[in-house]
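Geometric and topological summary
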Amino acid sequence: MKEEILGVTVNKETEQQLLDKIQTDIEIGRKSRIVAINPEKVMMASKDPALRTLLNESTYQIPDGVGIKIASRMRGGEIRERVTGIGMMDALLQLAHKHGHRIFMYGAKKATVELAAQNIQKKYPNLVVAGTLDGYEKDPAKIIETINAAQPQILFVALGSPKQELFIRENMEQLNVNIFQGVGGSFDVYSGNVKRAPKLFLNTGTEWLYRLASQPTRIKRQMALPQFLIKAVRDKGGSRR
């Protein structure tokens with residue numbers, strides 16, 4: 001159920017189909033990691049074999065970024081639904097709320113992660129925020145001990161990419177957690193420090209335009225999209241499986 005775009009595999013399932021698989025992972029005690037794939041990340045991975053391996057080793061590579069969906073369609077692929085990183089995090093919070101799962105939040109500044117946790121607990125009272133730890137804690141032993149003591153089923157790591165993905169890969173076997181997701185700056189959004197794009201932009205997949213208008217310095221990053229689409233369409237090595 002994956003497609004390959006410029007050497008990076010991407011899941012074709014809808015968000016709900018992925019959630020069903022993730023719930024099964026939790027029920028049977030299987031460890032799975034989620035990574036968001038966007039055009040910028042694919043372009044970086046096309047030049048960095050180590051990053052490409054890191055991304056492809058993940059259990060679920062969700063099609064974040066409208067460019068991934070466009071590229072799939074242009075190549076005759078089957079990705080029809082975009083699944084954003086923060087969208088998947090919120091979907092996992094809803095899943096945790098429904099089933100009473102325990103979550104742990106690691107990363108960002110202390111005030112940010114704690115406020116985000118408070119807001120999440122208010123919004124989803126049936127889930128359990130089992131603990132938080134800011135991203136300035138660097139002692140691996142303490143991090144692992146703290147997370148394991150909290151006994152979460154789901155761990156959100158907000159250290160920025162690819163640092164968060166590296167942390168997950170290097171420590172997931174020692175962590176008694178089922179689901180791992182690197183969530184970038186999502187704690188800033190849940191804390192209220194950063195606002196998401198209005199629903200009009202979210203529904204049309206154009207929040208990149210909103211972010212660009214809010215942060216003009218992102219223009220260099222956004223230039224990766226047309227370059228990605230051209231390269232993806234020209235590429236003959238992509239495959240579906």
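For the structure, see preceding data.
All values derive from a computational prediction rather than experimental measurement.

Thoughts on the pairing of strand β2 (residues 8-11)
Burial along β2 is two-sided: Val8 and Val10 facing one way and Thr9 and Asn11 facing the other are all buried. Taken together, the four bridges between strand β1 (residues 2-5) and β2 define a ladder with antiparallel strand orientation. By the bridge assignment, Ile5 is partnered in β2 with Val8. Adjacent in sequence and paired antiparallel, β1 and β2 are bridged by two residues, among which Leu6 carries a positive phi angle near 55°.

Considering the pairing of strand β6 (residues 128-133)
Side-chain direction in a regular strand flips from residue to residue, so the side chains alternate between the two faces of the sheet. Taken together, the five bridges between strand β5 (residues 102-107) and β6 define a ladder with parallel strand orientation. Paired with Phe104 across the strands is Gly131, a residue of β6. Remark: the β5/helix α6 (residues 110-123)/β6 crossover connection has right-handed handedness.

Some details on the nonpolar core
Soluble globular proteins tend to bury their nonpolar side chains together. In terms of nonpolar packing, the biggest core is built from 33 residues, with Ile103, Ile120 and Phe156 touching the most fellow members. When residues of this core are traced back to their parent elements, those giving at least two are α1 (15-28), β3 (32-37), β4 (60-63), α5 (85-99), β5, α6, β7 (154-158) and α9 (186-191). It is α5 that provides the largest number of residues to this core, a total of eight residues. Sequence-distant contacts of Phe156, defined by excluding residues within four places in its chain, comprise Met89, Leu92, Leu93, Ile103, Phe104, Met105, Tyr106, Gln181, Val183 and Phe187. Formed by 19 residues, the second largest nonpolar core is a distinct cluster that contains Ile5, Val10, Val42 and Phe228.

Some words on empty space enclosed by the protein
The gaps of empty space that remain are located by a probe, the size of a water molecule, rolled over the atoms. Enumeration over the complete set of coordinates arrives at one cavity of 30 Å³ or more. Of the voids in this model, the largest cavity is the one considered here, and its volume is about 40 Å³. If you go around the largest cavity, the residues you meet are Arg33, Ile34, Val35, Leu54, Ser58, Glu165 and Ile168. Listing elements by their share of the lining of the largest cavity, those giving two or more residues are β3 and α8 (163-171). Residue composition of the lining of the largest cavity, grouped by class: four nonpolar, one polar and two charged.

Description of the side chain of Lys41
Residue placement: Lys41 occurs in helix α2 (residues 39-47). Of the side chains bearing the opposite charge, Glu165 lies closest to the buried Lys41, which forms no salt bridge; the N-O distance is 4.2 Å.

Some words on the sheet that holds β6
Read across the open sheet, the six strands follow the order β4-β3-β8-β7-β5-β6; overall the sheet is parallel. Edge positions in the open sheet fall to β4 and β6, since each of these has one partner strand only. Between one strand and the next, the sheet's axes are offset by a mean angle of 20°, whatever the strand orientation. Examined bridge by bridge, β3 and β4 share four bridges and lie parallel to one another. If you follow Ala36 over to β4, its bridge partner there is Ile62. Helix α7 (residues 140-150) contacts β5, β6 and β7 of the sheet and is inclined by roughly 160° relative to β5.

Conventions adopted
Residues numbered from 1 in each chain as written. Predicted model: local features only at pLDDT ≥ 70, side-chain atom pairs only at ≥ 80, totals over all residues. Heavy atoms only, no water. Buried < 20%, exposed > 50% of the residue type's maximum accessible area, 1.4 Å probe, protein only. Helix = DSSP H or I, 4+ residues; strand = E, 2+ residues; numbered from the N terminus. Pairing = 2+ DSSP bridges. Right-handed = clockwise from strand over helix to strand, strands pointing away. Core = buried A, V, L, I, M, F, W, Y, C linked by side-chain atoms within 4.5 Å. Contact = heavy atoms within 4.5 Å. 1 Å grid on protein atoms, 1.4 Å probe; cavity = no way out; pocket = protein on both sides within 12 Å on 5 of 7 lines; lining within 4 Å. Points joined across faces, edges and corners; volume = space filled by probe spheres on them. Nonpolar A, V, L, I, M, F, W, Y, C, P; charged D, E, K, R; others polar. Lys, Arg positive; Asp, Glu negative; His and termini not counted. Salt bridge = Lys/Arg side-chain N within 4 Å of Asp/Glu carboxyl O. Axes fitted to C-alpha atoms, helices over the stretch in contact; angles between N-to-C directions.

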